[in-house]
Each structure stands twice: as structure tokens, then as C-alpha cells.
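# Examining the three-dimensional arrangement
Listed below are the residues making up each chain.
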2 protein chains.
Amino acid sequence: MLTNAEIKRIKSLKDKKFRDQYGQFVVEGEKMVEEALGSAFNVAAVYKESEIGAEAMSRISQLSTPSPVLAVVDKPAPHALALERGLYLGLDSVRDPGNMGTMLRLADWFGISTVFASMDSVEIYNPKVVQSSMGSIFRVSTVYCDLPEICRRFHRDSFPVYGSFLDGQDMYSATLAGEGLIIMGNESNGISSLVSAECSSRLSIPSYADGPTAESLNVATACAIILSEFRRRQR
Amino acid sequence: MLTNAEIKRIKSLKDKKFRDQYGQFVVEGEKMVEEALGSAFNVAAVYKESEIGAEAMSRISQLSTPSPVLAVVDKPAPHALALERGLYLGLDSVRDPGNMGTMLRLADWFGISTVFASMDSVEIYNPKVVQSSMGSIFRVSTVYCDLPEICRRFHRDSFPVYGSFLDGQDMYSATLAGEGLIIMGNESNGISSLVSAECSSRLSIPSYADGPTAESLNVATACAIILSEFRRRQR
């Protein structure tokens, strides 16, 4: 039986404040819990509806329709990072949980092991990020950091820093290396001026519309197109 | 002054049943209303907070934070369609409003003027589709149809029908024509068997992960990558 105190504690993990305090977050659904159990993350507890009952499950779940299983997972400790040759993704103030989760899923698909996120980006243990990443948060390492400083670190190691802009160079005709940092910006404001100043290359996705068209693409779809093009070039 | 009956009628447009009954839908926000006014759609009425007051606006708005302007727009009448040479997008049972809106925005960006959607796809006048399309619903023509029948029409005109599958041919090495129909499937189940049977070419986006990775990509990001690759080939 779950006590009221336990229920309250699990439920509190929907808020970043309590995720920080307890160093834990929640994953829901059979597939996601399976991913957590098979990952390097430590799963602190698993709750099944068949064991705790539907009422208790509906009280600890963050979903409007609770799934049959929920796990409380420990947030991993931050680790020192050695930059190796390869492609990295940098997210500058990405605020929408769905976009963040979708881009982690993209990084996972395109073999990018580490994502750098500015300190004001949405937290990856936010329930909506966890959900939209479809398990990729367990495979892709996300480092919250001072993004301009990380850019300078790439410069020092002579790796290029690419930024996605509306007024950059046509990315299909640009030179794209198989290593370096690719930066995507905020949903409304794009890449901040401090990070923009560190971009060695400014890339754009050209529009193919004849007349008036959308002003921009959603940041996650732009990220998809750019990562695909980098990987295609390496074939 | 808005009467209670008017308020009730506008508010009812959040439901498909009443959008069908009145033949109208709602757009909110200055940019979106501007897009509607500049489009071929007939704007039946515009409501400004400065004229009707904040309380009335909060009652007719479908947003948790109402914007200063809301328009009621007439749904255009369906029109007969002549297939011309070019690229078309087909959506087979896309149910998530955010995905639908994002793919309309992508079609707009990549110069695809007409999107075919199966009858069980989410309606484009759903408020979340309108919002996530960022105005592209006013430029891209969406036709709800019997999708297998549309595929056969492409066959009769000797245009290819491409489907996006998890087990198709590597799309980077596939032959891609500058005309035809590109089909994206349902979020959970992919392309239905009836539509699958009509695909003349099965395409996949290869993963670049070394080890275990995401099982799939989100349908809108997959659509972004595929449309980008078709247009790149036409350069």
C-alpha cells in the first residue's frame, strides 16, 4: 500500500522544484519504463496498477489517462565531459517541452551522443519532455551549460560551430564538416546575440515556395532537416 | 456589445460539430488574423479586445491566455481538383493536431500547394492545427479524400506514389522524382495497408546511431527530412 505521504511525494515530481530537491523524475507507460530499466539510469521504484490499484495510480500519475505502470527514476549526476571528434547539438533557450523532446529523439536517431543546452532551456526531466523524447533521454546525454563558453571550447579545439538562422547561407551548398557543434535557437527569437557571435558558420534552409510562404519552420523540424543533411554528407 | 447568444455561438466553434454546422472556424492572435485577412478566405468577423472588452474576449477565446484579437473565418467550399505536375503530400490518418499543423507549415515552406488527407485525419480547422500551422492553412489547400483512390489517380497519370516506412529503401540512395505523391502515416501505426498497397516506392530515413536508438522519428520531423531531400534533388 502506498501511504498518503508517498503519493504526495511522487506527485510533487511534476514540478522542477521537487525534482531538484529529490533528485528524481517520473516516467510513465510500459515502453518508457522498459527503456528506463534497460538504461544506465537508476530506477528507484516501479508502481504497477495491478499492484497498487487504479485509484492510487490515478493519484500518482501526471497523465489525464494514467498508464498501467509508472517509475520513479534517479537523475544522473553531472559528469565531466571530454570533447571527442564528432557532431554535437547545442540548444539555445529552447522553451517548449515538445520541441526539446523531439530534438533529443532526433539526436538519438542521428547518432549524436551529447546535447548542450543553455541554462534557460526547458529541463529534460519535465514530464512532457520525457514523454515526447520517447525514451531518447535515456540514451542521449544532455549537458546544461554556459553555451557561449562551450562554443569557445569548440573553437579552441578547431571544431566549427554552425548556427541555424533565417538569413544564413543556403545549407545545401554550404561546406558541412563531420564534426563540430550545430546550434538551434529559441522558438520565437532564434539564436541569442552572445551565441550568434560565436557561430563560425550561419546556415539556412531555403524555402521552395513560389510566392508568400511560412515565415519560418518550427525549430524541431528545422533541426531534423539540418541533422539529416550533415549525416547525408558523411556517407 | 456582444450578446450572450453571439458569445455562445463563437465559443461553440471549438467543436468540429459546430464548425461543420456553421461552416466557420476561429483564428486568434494578431499575426494569424492578419494572415486570414490577407488570404483568399472570407473573414466573417473580427473581434478586438479594445472594442468588446477583456471579459467578452476571455469568454469567446479558446486560449487560456486570450490574445487581443480573434476572427471568425468561413471555411472555403471544396473545389474540384485538377492534378498538375508537381509534388503533393498525402497524410494517412494523422491524428495529432500539432503534427498536422506542423506538416502544413512544412508543405507551405517547401512549395507544396495541395495536401491530401484521409477522412479520419484530424480536421485542419481544429484550433490546435490552426495555431501550429502558423498561418499555412491559409496558403496550402487541404483536400479530405479517399486516399487509396487518390493514389490510383496518380498511378493513372503515371506519377509515382512514395510512402514513408520504417523498413523501406534508404531514401538518400533512392530515385526521387520532382513530381508525385509523398505519403506520411499515422503516429502509432504508420501507413495503412490499403494505402501501403498503392505505394510504388517505399522510403526510409536511415539511422546513424552506432548502438540502440529511437524506434522511429516523429511523423512531422520525418516529413521535414523527406520533403527537404526531394527538393534538394531538384536543384
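Below you will find a few notes about this structure. The shown structure was predicted, so the numbers you read here are calculated from the model rather than taken from an experiment.

## A closer look at the sheet that holds strand 6 (residues 141-145) of chain A
All names here are of chain A. Here six strands make up an open sheet; going across it, the order is 6-5-4-8-7-9 and the pairing parallel. Lying at the two open borders of the sheet, with one neighbouring strand each, are strand 6 and strand 9 (201-204). Averaged over all neighbouring strand pairs, the angle between strand axes comes to 35 degrees, with direction disregarded. Of the strand pairs in this sheet, strand 4 (residues 87-91) and strand 5 (residues 114-118) are connected by three bridges, and their pairing is parallel.

## Things to note about the packing of helix 10 (residues 219-233) of chain A against helix 10 (residues 219-233) of chain B
The interhelical angle for the contact between helix 10 of chain A and helix 10 of chain B, taken along N-to-C directions, is 50 degrees, at an axis separation of 8 Å. If you check the angle between helix 10 of chain A and helix 10 of chain B, you find them oblique. At the point where helix 10 of chain A passes helix 10 of chain B, the crossing takes the right-handed sense. Taking contact as the criterion, the partners of Ala 220, Thr 221, Ala 224, Ile 225 and Ser 228 of chain A in helix 10 of chain A are, on helix 10 of chain B, Ala 220, Thr 221, Ala 224, Ile 225 and Ser 228 of chain B. Looking at side-chain class alone, the contact of helix 10 of chain A with helix 10 of chain B contains six nonpolar, four polar and no charged residues.

## Here we look at the interface of chain A and chain B
Note: interface size is frequently given as the accessible area lost on complex formation between the parts. In this assembly, 30 residues from chain A lie in contact with 30 residues from chain B. For the side of chain A that touches chain B, the secondary structure elements donating two or more residues are helix 6 (97-109) and helix 10 of chain A. Counting residues per element, the side of chain A that touches chain B draws most heavily on helix 10 of chain A, at seven residues. Grouping the amino acids of the side of chain A that touches chain B by side-chain chemistry returns 13 nonpolar, 10 polar and seven charged.

How each quantity is defined
Position labels on residues start from 1 in each chain and follow its written sequence. Whichever chain is written first is A, and whichever ligand is written first is 1; the rest continue in order. pLDDT decides what is reported in this predicted model: residues at 70 or higher carry local features, side-chain atom pairs at 80 or more are listed and counted, and totals for whole chains, interfaces and linings draw on all residues regardless. Note on pairing: DSSP must find at least two bridges between two strands before they are called paired. Runs of H or I in DSSP of at least four residues are treated as helices and runs of E of at least two as strands, each being numbered from the N terminus. Fitted lines through C-alpha atoms give the axes, limited to the stretch in contact for helices. The angle between two N-to-C directions lies from 0 to 180 degrees. Between 65 and 115 degrees an angle is taken as roughly perpendicular, under 35 as roughly parallel, over 145 as roughly antiparallel, and anywhere else as oblique. Each crossing gets its handedness from the near helix: less than a right angle anticlockwise from the far helix is left-handed, clockwise is right-handed. We call two residues in contact when their backbone-placed C-beta atoms lie within 7 Å. Any residue outside Ala, Val, Leu, Ile, Met, Phe, Trp, Tyr, Cys, Pro, Asp, Glu, Lys and Arg is labelled polar, Gly included; the first ten of those are nonpolar and the last four are charged.

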